[in-house]
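Residue-level listing of the chains:
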Amino acid sequence: MISKTLVVVLRLFLIYTSCVIVLSGQEKDVELKDTLVTVKMDKQPLGVVFRYLMEKYDIPIGFEESILDRNQTDFNFQTNLPSVAGYKLSNSDSSITIITKSERIYNAPLHPITLDLNQVKLEVVFTEITKQMENYECKINDEVVNIFPIKGRDERFKNLMSLMIPNFNLDKGKTVKDITRQIQLSPNFRRFIFKNKLFFHGIRNGADFEIESQYGRKINKEMDFSNLTFQELLNKIAKTKKGGWALKWKGIYKGKEFIDIDI
C-alpha cells in the first residue's frame, strides 16, 4: 500500500516539475529594439525595404519628411498592407474573367538603399537605413520605429508632433479611412491646422480597388486613447492597425498649402 502511494506521489512530482520546466523555458516577449532581422537589399527604393520589414517582421514605422526632401519620390512607402491589390472583372454571363493586380512601383534615384545584414538587432538595421537617407535619424518610441529629420525639419511639423490630443476614440470594426476622419474632427488638430494656415484633406490617389484594399480594411480592435501628443497618437494607431504613418508636405494649390498625414 505504501509503495503504491509512493509511486503516485512520484508521478505527481514528475508532472509538476515537467510543467515548471516547460513554463520556464517559454520565450518572453521580445522588445522591438531587440528583434533580430535578416535583410539583404541591393540599391532598392525605401518603399521596397519598408514593405519587406512590415510584411516579414510586422515592424510599425512612422516617418516625418524633411524640408530638404520635398517633392522627391525617394522616401515614398505604403503605410498600409497589402501592397498588392487584386480586382476581378467578369462578363455578365461569366464567360470571361480577368484578374487585374496593382503593385506600387517605387522610384529612388537619389537614395537607393543597400543592406546586407544577418540576424542583427532592429536598431542596427534602421541605423544603416537612415545613414543612407542622409537627413534623418531613427528612434524607437512606443514600440514604433520613428524616423524624423535632423536637417531641414519643418518647425510646424515639429510643433504638430508635440500637439496635445485630449482624447481619441474609434470603435472596433471601423476602417483605416475612419482613422483619418476621426483625426480631422479633433478640435486641437483643427485649431492647429487653421492657425498655421495649412490644409489636409486626407484623400488617397490611385486605383479604387487598390485604395479600398488598404484604407477600406477593417480594424478588429477598439482605440481609446487620452492625454497624449500627436506623435504618440500616431504611434498607437500604427501599432493597433499595423503598418505605419507618414507626415509630408504635399504642395501649394490655388494659394493653399497642403500637408499629408498618411495613416
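Above: the structure in question.
Each chain carries its own residue numbering, running from 1 in the written order of its sequence. Where local features are concerned, this predicted model is filtered to residues with pLDDT of at least 70; where side-chain atom pairs are given and counted, the filter is 80 or more; whole-chain, interface and lining totals use all residues. Note: side-chain values were computed over all heavy atoms of the structure, leaving out hydrogens and water.

J.: Quick question: what am I supposed to make of unusual backbone geometry here?
T.: Leave glycine aside and you will find that most residues have negative phi; peptide bonds, for their part, are mostly trans. Backbone geometry at Asp 58 places phi at a positive 55°, although glycine is not the residue there. The secondary structure listing takes helices from DSSP runs of H or I that are at least 4 residues long and strands from runs of E that are at least 2 residues long, numbered from the N terminus. Looking at the secondary structure, you find Asp 58 in the loop between helix 2 (46–57) and strand 2 (61–64). For the exposure calls, accessible area comes from a 1.4 Å probe over protein chains only, and a residue counts as buried if that area is under 20% of its type's maximum, exposed if over 50%, partly exposed in between. By relative accessible area, Asp 58 is classed as partly exposed at 41%. Despite not being glycine, Lys 197 has its phi angle at roughly 55°, a positive value. Relative to the helices and strands, Lys 197 resides in the loop between helix 6 (187–195) and strand 9 (198–199). Residue classification places Lys 197 among the exposed residues on the basis of a relative accessible area of 66%.

J.: What am I meant to see in helix 7 (residues 208–215) here?
T.: Owing to its 3.6 residues per turn, the α-helix aligns residues three or four sequence positions apart on the same side. Within helix 7, burial applies to Glu 210, Ile 211, Gln 214 and Tyr 215. Down the axis, helix 7 shows its buried residues gathered within 100° of arc, on one side only. What the arc describes is the spread of directions from the helix axis to the C-beta atoms.

J.: Is there a simple way to think about the pairing of strand 2 in this case?
T.: Within a regular beta strand, the side chains point alternately toward one face of the sheet and then the other, so they alternate between its two faces. Neither face of strand 2 is exposed, since Ile 61 and Phe 63 on one face and Gly 62 and Glu 64 on the opposite face are all buried. Inspection of the sheet shows strand 2 paired to strand 7 (residues 144–149) by 3 bridges, in the parallel sense. Note on strand 7: the bridge partner recorded for Phe 63 is Ile 147. By this definition, two strands are paired if DSSP reports at least two bridges between them. Across 4 bridges, the pairing between strand 2 and strand 11 (residues 244–253) is parallel. Along strand 11, the bridge assignment pairs Glu 64 with Leu 247.

J.: Is there a simple way to explain the packing of helix 5 (residues 176–184) against helix 8 (residues 230–241) in this structure?
T.: Axes are the key here: two packed helices are described by the angle between their axes and the distance separating the axes. Fitting a line to C-alpha atoms yields each axis, with helices limited to the stretch in contact; the angle taken between N-to-C directions then spans 0 to 180 degrees. Here helix 5 crosses helix 8 at 165°, and the two axes come no closer than 12 Å. The orientation of helix 5 with respect to helix 8, classified from their angle, is roughly antiparallel. Seen along the crossing, helix 5 lies across helix 8 with a hand that is right-handed. Contacts between helix 5 and helix 8 involve Val 176, Ile 179 and Ile 183 on the former and, on the latter, Phe 230, Leu 234, Ile 237 and Lys 241. When residues are sorted by character, Ala, Val, Leu, Ile, Met, Phe, Trp, Tyr, Cys and Pro go into the nonpolar class, Asp, Glu, Lys and Arg into the charged class, and all the rest, Gly among them, into the polar class. The class makeup of the residues in the contact of helix 5 with helix 8 is 6 nonpolar, no polar and 1 charged. Any angle between 65 and 115 degrees counts as roughly perpendicular, while under 35 counts as roughly parallel, over 145 as roughly antiparallel, and the rest as oblique. Note on convention: near helix rotated counterclockwise from far helix by under a right angle means a left-handed crossing. Clockwise means right-handed. Any two residues whose heavy atoms approach within 4.5 Å at even a single point are treated as in contact.

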